[in-house]
Amino acid sequence: MKKAICSVAFLSLVACSAQAQIAPGTKLLSGSINFYSAKTETTGSSSTNSSNESKNIDLGLSPSIGYFISENLAIGLSGSLNGSWQNSSAYINDYSGGRHVDSKSKSRYLSIGPMVRYYKFLGDKVAFYGQLGAGYNNTYSVSKTDYPGYSDQTNRKDGYYASLSPGFVLFPTENIGLELSVGGMGYYHLADTKKDNENRFRTVDTSFNFRFGLSSLHLGASYYLGR
């Protein structure tokens, strides 16, 4: 009797493990979106008679598409598009006796490239995954102010990146996954070239990020077509 019970338990475990897989030929559609908005007001003392108000908006979208070439292993294309906008209005004391100054700035970050993602199931409904990606990235920013003597500032940089991102997937149904990414690490290389009369100036920015923790959490969703 004990052998029969053990055999049934073992076969049930094997069956659950067999179901908790993603078969070759399955198509993956996933993505996440984030939004942040903040407003800050600062008022100085009566002696300085200064004040400042600023509004910030951040919006990001990160889609991915993939195809499972073997069990739990997908290759595909991932991208990211992030934008931020800042408007500020300040009253400052200067040589003219004081004036209102309005400033606006916006920036955009774009990345796109191939990716590889592998799943390790921790149960029938939960899986851990690691995603490795690399490709092209680009940043663009512009700032404007109506303060006398200041001109508009524009900056554009192009380069490449490589990143490794871990995460978890919860499957409420067989075809739908709820994703939770927990940060990651990445290398970023960006460069721009400016020309001033006959001179050319080249600026190169390189960075290595290692981010894990609650501040790096992102929620997303995925759909597994043909699973």
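All of the points below concern the structure found in this document. Because the structure is predicted, anything quoted here is derived from the model rather than measured.

A separate point is the pattern of salt bridges. Counting across every chain of the model gives three salt bridges. Where aspartate 158 meets arginine 156, a salt bridge forms, and the shortest distance between an N and an O atom there is 3.4 Å. Note on arginine 156: relative accessible area 44%, which makes it partly exposed. The salt bridge involving lysine 157 is made with aspartate 205; its shortest N-O contact spans 2.1 Å. Of the two residues, lysine 157 sits in strand S6 (residues 153–170) while aspartate 205 sits in strand S8 (residues 199–225), which places them 48 residues apart along the sequence. Looking at lysine 157, the relative accessible area reads 11%, which means it is buried.

Let us now look at the packing of aromatic side chains. Throughout the structure, instances matching the rule amount to eight aromatic pairs. Centre to centre, the rings of tyrosine 119 and tyrosine 129 are 6.0 Å apart; their planes meet at 40 degrees, and the pair counts as tilted. Residue tyrosine 119 is located in strand S4 (residues 99–121), and its partner tyrosine 129 is located in strand S5 (residues 126–145); the two are separated by 10 residues in the primary sequence. The pair formed by tyrosine 119 and tyrosine 129 is uniform in burial state, with each residue classed as buried. Its end group placed over the ring of tyrosine 129, arginine 117 keeps NZ or CZ at 4.1 Å from the ring centre.

Bringing the environment of arginine 202 into the picture now. Relative to the helices and strands, arginine 202 resides in strand S8. Expressed as a C-alpha distance, the spacing of arginine 202 and aspartate 192, which sit 10 residues apart in the sequence, is 5.7 Å.

Within the fold, leucine 225 resides in strand S8. Looking at leucine 225, the relative accessible area reads 42%, which means it is partly exposed. Along the primary structure leucine 225 and glutamate 174 are separated by 51 residues, whereas in three dimensions their C-alpha atoms are 9.8 Å apart. If sequence neighbours within four positions are ignored, leucine 225 has contacts with Thr26 and Lys27.

Moving on: the nonpolar core. Nonpolar side chains tend to gather and get buried jointly when the protein is soluble and globular. Judged by nonpolar contacts, the single largest core of 13 residues is most densely connected at Ile22, Phe68, Tyr119, Phe121, Phe171 and Tyr224. Listed by contribution, the elements that provide at least two residues to this core are S4 and S5. Per element, the largest residue contribution to this core is three residues, and it comes from S4. With sequence-adjacent residues up to four places away left out, isoleucine 22 is seen in contact with Phe68, Ser70, Glu71, Asn72, Tyr119, Phe121, Phe171, Tyr224 and Arg227.

Our next topic: the layout of surface pockets. Approximately 1,100 Å³ is the volume attributed to the largest pocket. If you go around the largest pocket, you meet 40 residues; those closest to its centre are Ser62, Ser80, Ser165, Arg211 and His218. Those elements giving two or more residues to the lining of the largest pocket turn out to be strand S1 (27–43), strand S2 (51–70), strand S3 (73–92), S4, S5, S6, strand S7 (176–196) and S8. Tallied by class, the residues present in the lining of the largest pocket amount to nine nonpolar, 27 polar and four charged.

Attention now moves to the environment of threonine 154. Mapping threonine 154 onto the fold places it in strand S6. When the C-alpha atoms of threonine 154 and lysine 144 are compared, they prove to be 9.0 Å apart, with 10 residues separating the residues in sequence. In this structure threonine 154 touches Tyr140, Ser141, Val142 and Lys194, once residues within four positions along its chain are discounted.

Consecutive side chains along a regular strand alternate between the two faces of the sheet. Direction of pairing for S4 relative to S5: antiparallel, over a ladder of 17 bridges. Within S5, the residue paired with serine 111 across the bridge is asparagine 137. Hairpin connection between S4 and S5: a loop of four residues separates the two successive antiparallel strands.

What counts and how
The numbering scheme is per chain: residues are counted from 1 as the chain's sequence reads. With the structure being a predicted model, the display of local features is reserved for residues of pLDDT at least 70 and the display and counting of side-chain atom pairs for 80 or more, all residues being used for whole-chain, interface and lining totals. Excluding hydrogens and water, the side-chain values take into account all heavy atoms of the structure. When a carboxyl oxygen of Asp or Glu is within 4 Å of a side-chain nitrogen of Lys or Arg, the pair counts as a salt bridge. Working definition: with a 1.4 Å probe on protein chains only, accessible area under 20% of the residue-type maximum means buried, over 50% means exposed, and in between means partly exposed. Numbering of helices and strands runs from the N terminus; a helix is a DSSP stretch of H or I covering at least four residues, while a strand is a stretch of E covering at least two. Here is the rule: rings of Phe, Tyr and Trp (six-membered ring for Trp) pair when centre to centre is within 6.5 Å. Planes less than 30 degrees apart are stacked, more than 60 are edge-to-face, and the remainder are tilted. Sitting over a ring, as applied to charges here, requires NZ of Lys or CZ of Arg to be within 6 Å of the ring centre and within 35 degrees of the ring normal. Only heavy atoms enter the contact rule, under which two residues are in contact if any of them lie within 4.5 Å. Residues belong to a common nonpolar core when they are buried Ala, Val, Leu, Ile, Met, Phe, Trp, Tyr or Cys residues joined through side-chain atoms within 4.5 Å. Throughout, the protein atoms alone are placed on a 1 Å grid, and a set of points is a cavity if a 1.4 Å probe fits but cannot get out or a pocket if it is open with protein on both sides within 12 Å along at least five of seven lines; lining residues have an atom within 4 Å of a point. Grid points are joined across faces, edges and corners, and a volume is the space filled by probe spheres set on the points. Three classes are used: nonpolar for Ala, Val, Leu, Ile, Met, Phe, Trp, Tyr, Cys and Pro, charged for Asp, Glu, Lys and Arg, and polar for all others, with Gly counted as polar. Only when DSSP finds a minimum of two bridges between them are two strands counted as paired.

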